[in-house]
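Analysis of the macromolecular model
If you want the building blocks of each chain, they are given just below.
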Amino acid sequence: MRYDVTCPRSDLSVSPTAIGWSAAREVTRFGPCKREQYIIHYVTKGKGYFCGNEVRAGQGFLITPGLFEEYHSDETDPWTFLWVIAYGDDMEKLFRMYRADEKSGIFEYDFVPQVEKIMDHITQNNGKILGLLEMQVLFYSLLSHHERKDREGRKQNNSRIYLDYAVRMIEREYSKDIKVSQICEKLGVSEPYLFKLFRGEFGKSPKRYISDIRLSQGKMLLSETDMSVSDIGCAVGYEDVLAFSKFFSKETGMSPTEYRCKNVR
């Protein structure tokens, strides 16, 4: 079974020229050879192989002009896929949004039901040439989901940048009177947001993360050096030896001196 719809070319920088779908093995097989087209495939059922790599439902693969390609359906679990042939000056930029694996050209997507709705729409209009607007609506409904995922990916990347910067800052300056508010000011984020990042990554607050580093370093210096308790306190961010002793005793249940006596190496 095979269903296709086509639309006239347009002056848009990215525009579809054909959208179709099929579950037939003879239709969902191609190559090995090259084509001078940009083509997007969405697998909705079963599995197949693209250039030797397995592709399952919820995955797709991208074809770029000049790519040596070959794909075919699995014999025991044949795939069904939707394809989009498109052109335009921004196709390479568009393909980057798919975040496909650089080597295989395979991408992940999480909106199979939405792709199947488009397939149903194509089936109902089989044999008709759709107008440009209708073709664009189908195409951009797909792209809207990729844009959402792309935004989420950028947001996650930004979160990782903030978190990594905060951790580096703490590890570099824990021996000083560093405060969470100072870290947030440097990053330009709120304290609740930074708290959320640390809680999600480490299961603890930024303040607790600072305390744990200071405690760990204090234990190490007490057991492995002959530095005075006062100097160790300064080395981990406590200029007041009494404040360090109070902090250490609260965390370990023993004074710095008692800890040293039991753990000296």
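Before reading further, recall that the structure is shown in the block above.
Let me sum up the structure you'll find in this document. In this text, all values refer to a predicted model and were calculated from it rather than measured experimentally.

Conventions we followed
- Residues numbered from 1 in each chain as written.
- Predicted model: local features only at pLDDT ≥ 70, side-chain atom pairs only at ≥ 80, totals over all residues.
- Heavy atoms only, no water.
- Salt bridge = Lys/Arg side-chain N within 4 Å of Asp/Glu carboxyl O.
- Buried < 20%, exposed > 50% of the residue type's maximum accessible area, 1.4 Å probe, protein only.
- Helix = DSSP H or I, 4+ residues; strand = E, 2+ residues; numbered from the N terminus.
- Expected span 1.5 Å × (residues − 1).
- Arc of directions from axis to C-beta.
- Axes fitted to C-alpha atoms, helices over the stretch in contact; angles between N-to-C directions.
- Parallel < 35°, antiparallel > 145°, perpendicular 65-115°, else oblique.
- Contact = heavy atoms within 4.5 Å.
- Nonpolar A, V, L, I, M, F, W, Y, C, P; charged D, E, K, R; others polar.
- Core = buried A, V, L, I, M, F, W, Y, C linked by side-chain atoms within 4.5 Å.
- Pairing = 2+ DSSP bridges.

Another point: the pattern of salt bridges. By the definition in use, this model includes ten salt bridges. The closest approach of N and O atoms between lysine 179 and aspartate 177, which form a salt bridge, is 2.8 Å. Of the residues examined, aspartate 177 reaches a relative accessible area of 54% and is grouped as exposed. As a salt-bridge pair, arginine 208 and aspartate 212 come within 2.8 Å of each other at their nearest N and O atoms. Taken together, the residues span about one helical turn, with arginine 208 and aspartate 212 both in helix H6 (residues 206-224) at a distance of four residues. Under the relative-accessibility criterion, aspartate 212 is labelled partly exposed at 25%. Here the residues in one salt-bridge network are Lys204, Arg208, Asp212 and Glu251, joined through shared partners.

Between its first and last C-alpha atoms helix H5 (residues 191-202) spans 16 Å; for twelve residues at 1.5 Å apiece the expected length is 16 Å, and the two agree. Buried within H5 are the following residues: Leu194, Leu197 and Phe198. In an axial view of H5, the angular spread of the buried residues amounts to 90 degrees, which keeps them on one side of the axis. Along H5, the residues that are exposed and aim more than 90 degrees away from the buried face are Pro192, Lys196 and Gly200.

Direction vectors running N to C along H6 and helix H8 (residues 241-252) enclose 95 degrees, while the axes themselves pass 11 Å from each other. Taken as axis vectors, H6 and H8 run roughly perpendicular relative to one another. Listed contacts from H8 to Arg208, Ser211, Arg214, Leu215, Gly218, Lys219 and Leu222 of H6 are Phe247, Phe248, Glu251 and Thr252. Class assignment for the residues of the contact of H6 with H8 results in four nonpolar, three polar and four charged.

Residues Ile170, Ile183, Leu194, Phe198 and Phe244 are the most contacted members of the largest nonpolar core, which totals 30 residues. For this core, the secondary structure elements donating two or more residues are helix H3 (132-173), helix H4 (180-187), H5, H6, helix H7 (229-235) and H8. Element by element, the count of residues in this core is highest for H6, at six residues. Non-local contacts of phenylalanine 244, meaning those with residues more than four positions away in its chain, are made with Val229, Ile232, Gly233, Val236, Tyr238 and Pro256. Listed in part, the 28 residues of the second largest apolar core include Val14, Met91, Val112 and Leu143.

Time to look at H6. In this model, H6 (19 residues) spans 27 Å end to end at C-alpha, consistent with the 27 Å of a helix rising 1.5 Å per residue. Those residues of H6 not exposed but buried are Pro206, Tyr209, Ile210, Ser211, Ile213, Arg214, Leu215, Gly218, Leu221, Leu222 and Ser223.

What follows is about the pairing of strand S5 (residues 47-50). On a regular strand, each side chain points to the face opposite its neighbour's, so the side chains alternate between the two faces of the sheet. Bridge count between S5 and strand S6 (residues 53-56): four bridges; the pairing is antiparallel. Paired with phenylalanine 50 across the two strands is asparagine 53, which belongs to S6. Counting the residues in the hairpin turn of S5 and S6 gives two residues, including cysteine 51, whose phi is positive at 50 degrees. Examined bridge by bridge, S5 and strand S8 (residues 67-73) share three bridges and lie antiparallel to one another. The residue of S8 that forms the bridge with tyrosine 49 is histidine 72.

Don't take any of this as a statement about function, it's just geometry.
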